[in-house]
Amino acid sequence: MKKATFLCLLLCFMLGSSFAQQVRLTGRVTDSGTGLPVEAASINEKGKANGAITAKDGSFAFTAATGSKLM
């Protein structure tokens, strides 16, 4: 019985840690000269096909791996 409980707890811990490796990134892209929002700018996770395109107000949001770099 103790083995089954231990294995169940270990499995729950492993599943929880795999979800914790993702982070939600949000932000806003603006023109450095005018400060106006940039629409349709592409933000990507470096080396991955994951990313987003900015909205009319320059905002974006997507999920990426913890510690990833943007380009």
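**Focus: the confidence of the model for the chain**
Mean pLDDT over the chain stands at 79; residues scoring 70 or higher make up 69%. Mean pLDDT across the elements of the chain bottoms out in helix 1 (residues 2–19) (60) and peaks in strand 3 (residues 51–53) (91).

**Looking at the packing of aromatic side chains**
Summed over the entire model, instances satisfying the criterion amount to one aromatic pair. When the ring of F60 is compared with that of F62, the centres are 6.3 Å apart and the planes differ by 35°; the resulting orientation is tilted. Each member of the pair F60 and F62 is classed as buried.

**Things to note about the environment of N44**
Position of N44 relative to the elements: it lies in strand 2 (residues 42–44). As a C-alpha pair, N44 and F62 span 18 residues in sequence and 9.3 Å in three-dimensional space.

**Things to note about the environment of P37**
Mapped onto the fold, P37 is located in the loop between strand 1 (22–28) and strand 2. Residue P37 is classed as partly exposed on the basis of its relative accessible area of 32%. Remark: the alpha-carbon pair of P37 and D57, spanning 20 residues in sequence, is separated by 5.4 Å. Excluding residues that lie within four positions of it along the chain, P37 makes contacts with R28, V29, T30, K56, D57 and G58.

**With respect to the side chain of T54**
Residue position: T54 is located in the loop between strand 3 and strand 4 (59–65). A distance of 3.0 Å separates the side chain of T54 from the backbone nitrogen of A40, its partner in a polar contact. Reaching out from T54, the side chain makes a polar contact with the backbone nitrogen of A41 at a distance of 2.8 Å.

Cut-offs used in this document
Residues numbered from 1 in each chain as written. Predicted model: local features only at pLDDT ≥ 70, side-chain atom pairs only at ≥ 80, totals over all residues. Heavy atoms only, no water. pLDDT = per-residue confidence, 0-100. Helix = DSSP H or I, 4+ residues; strand = E, 2+ residues; numbered from the N terminus. Phe/Tyr/Trp six-rings, centres within 6.5 Å; stacked < 30°, edge-to-face > 60°. Buried < 20%, exposed > 50% of the residue type's maximum accessible area, 1.4 Å probe, protein only. Contact = heavy atoms within 4.5 Å. Polar contact = N/O pair within 3.5 Å; in protein donor to acceptor, adjacent residues only side chain to side chain.

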